[in-house]
Amino acid sequence: MRKKVLVARRAPAAVIEKLSAQFDVDAVDGATVLTPAELRERLQGKDGVYITGTERITAELLDACPQLRAVCTMSVGYNHIDLAACTARRVLVTNTPDVLTETTADLGFALLMAAARRMSEGERMLRDGQWKSWAWDFLAGADVHGTTLGILGMGRIGQAIARRGRFGFGMRVVYHNRSRLPAQIETELAARFLSKDELLAVADHLVLVLPYSAESHHCMAAPELARMKPTATLVNIARGGIVDENALAAALREGRLAAAGLDVFEGEPQVNPALLTLPNVVLTPHIGSATMPTRLAMAGLAADNLVAALTGATPPTPLNP
Ligand code: DGY
C-alpha cells in the first residue's frame, strides 16, 4: 500500500511530482495556511508531512495523528516543532540547513547596510516629496566598513555574515555563541570570542543569528539593549521572539540605539505597531532565504528528506536520527 503524505503549504510543482512518484499526496493549494484544527484534520491517516515554518507540530497534534512517522520542514529553524515530543514518539524530523546559508547572510548584511546608512528612511522621504536639497548632515548614518561587527549566534549563517564583514568590509569580527568555535575557524574568520556583555558593549553593528528557544526568548530586552552603544545598529534575521520589541522600539525612539533592521517579528505576520512608525528601523517580511534558487533548493531538500524518511533510507538532513 502506498504511503500517504500531506504537503501542508503550497509547494513547487517539482516537489509534488517527486512525492507523487512514491506516495499518495494530499496537497493544500493557493495561499492556504491551515489552522491547527485543519492541520490535525488533514493529517489523519497520513504517514508523513511536508511543512514550512508556519505549521506547529505539538505533542497534542502528534497524539491525535498516531500514524505520522515523518515531519519534514522546509526551513532551517525548527522552533515550530516539538522535537522532544517527536523523538519520544519515534517521529523522524528533518530541516533544510546549508542550502540557505549564503542567501540568508546576504539579507542580513543588506539589512545592516540599509539600517546603518538610513536607506529606507531616505527612500520614504524621496517618495513622499520630502527631499528638498543636499545638506552636509542630511541622512548622515553610520559607517559599516572598518567598524566592529558583533554576531550573536555563530552557526553557519553567523559565520557567513562574519566572512562578509571581515573580507568584504574590513570589519573587526567579535562573536558570542553557546560554544566557542574551533581555533582554526576563529583564525580563518579573524573572529574573537567575547562574553555576551562584552559583545553588546563593543559592537558597532550587532547581528542576531541564534536559534530561538525558551532560553533565547527575549534575550535582547531592555537591559541588553542598554549595554549597546547609542550609535549601534541591531539586525535580527533569526526569530522575532529573541528581541523584546517594545524595549527595542523605546530604545530606537529615545536615541539609545541608532537603528535596527528586522526581518522577523514576534507576532508575524503582524508587526508590533510601535515599530511601524519609527523612521530608524528597516523592516522586511521574513524573506531571509527568499531567492528563487534557494527556495527551490530548500523545497527539494525537504522533499528528499520526506522520501528518504518514509522509504527506509537515511534522510539527508535529519534532526533526530
Ligand atoms: C528558516 O529557514 O528557518 C527561515 O526562517 C524560514 O522559515
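Here is what the cut-offs are and how they apply
- Residues numbered from 1 in each chain as written.
- Predicted model: local features only at pLDDT ≥ 70, side-chain atom pairs only at ≥ 80, totals over all residues.
- Domains from an automatic or database assignment.
- Contact = placed C-beta atoms within 7 Å.
- Nonpolar A, V, L, I, M, F, W, Y, C, P; charged D, E, K, R; others polar.
- Core = buried A, V, L, I, M, F, W, Y, C linked by C-beta atoms within 7 Å.
- Buried ≥ 20, exposed ≤ 12 C-beta atoms within 10 Å, placed from the backbone.
- Helix = DSSP H or I, 4+ residues; strand = E, 2+ residues; numbered from the N terminus.
- UniProt positions renumbered as here; feature names shortened; annotations may be inferred.
- Axes fitted to C-alpha atoms, helices over the stretch in contact; angles between N-to-C directions.
- Parallel < 35°, antiparallel > 145°, perpendicular 65-115°, else oblique.
- Left-handed = near helix turned anticlockwise from the far one by under 90°.

1. Focus on the domain arrangement of the protein chain
So, point 1. We note that the domain assignment places domain 1 (4–98 + 292–310) and domain 2 (101–283) within the protein chain.
So, point 2. Residue-level contacts link 5 residues of domain 1 with 7 residues of domain 2.
So, point 3. For the side of domain 1 that touches domain 2, the residue count by class is 1 nonpolar, 3 polar and 1 charged.

2. Looking at the nonpolar core
So, point 1. Grouped together as the largest cluster of nonpolar side chains are 54 residues, with contacts concentrated most on I151 and V209.
So, point 2. Looking at which element gives the most residues to this core, the answer is helix 5 (residues 101–116), with 8 residues.
So, point 3. If near-sequence neighbours (up to four positions away) are discounted, I151 is found in contact with G158, I161, A162, V173, Y175, V207 and V209.

3. Examining the UniProt feature "domain: D-isomer specific 2-hydroxyacid dehydrogenase catalytic" (unreviewed entry) in the protein chain
So, point 1. Under the local residue numbering, the UniProt record ascribes the feature "domain: D-isomer specific 2-hydroxyacid dehydrogenase catalytic" (unreviewed entry) to residues 6–320.
So, point 2. Span residues 6–320 is 37% helix and 14% strand, its end C-alpha atoms 20 Å apart.

4. Brief notes about the packing of helix 1 (residues 13–20) against helix 13 (residues 292–310)
So, point 1. Close contact between helix 1 and helix 13 brings their axes to 9 Å; oriented N to C, the two are set at 10°. One way to sum up the angle between helix 1 and helix 13 is to call them roughly parallel. On the side of helix 1, the interface is formed by A14, V15, K18 and L19, while helix 13 contributes A299, G300, A303, L306 and V307.
So, point 2. Class assignment of the residues belonging to the contact of helix 1 with helix 13 gives a composition of 7 nonpolar, 1 polar and 1 charged.

5. Some thoughts on the packing of helix 5 against helix 7 (residues 156–169)
So, point 1. Across the interface, helix 5 lies against helix 7 with an axial gap of 9 Å and an inter-helix angle of 55°. Between helix 5 and helix 7, the interaxial angle falls into the category oblique. Read as a crossing pair, helix 5 and helix 7 show a hand that is right-handed. Packed against helix 5, whose contacting residues are T101, E102, T104, A105, G108 and F109, the element helix 7 presents R156, I157, A160, I161 and R164 at the interface.
So, point 2. A per-class count over the contact of helix 5 with helix 7 returns 5 nonpolar, 3 polar and 3 charged.

6. Considerations on helix 11 (residues 245–253)
So, point 1. Among the residues making up helix 11, those that are buried are E245, A247, L248, A249, A251 and L252.
So, point 2. Where helix 11 is buried, its residues meet helix 10 (222–227), strand 11 (259–262), helix 12 (273–276) and strand 12 (281–283).
So, point 3. G255 sits one or two residues past helix 11 and shows a positive phi near 75°.

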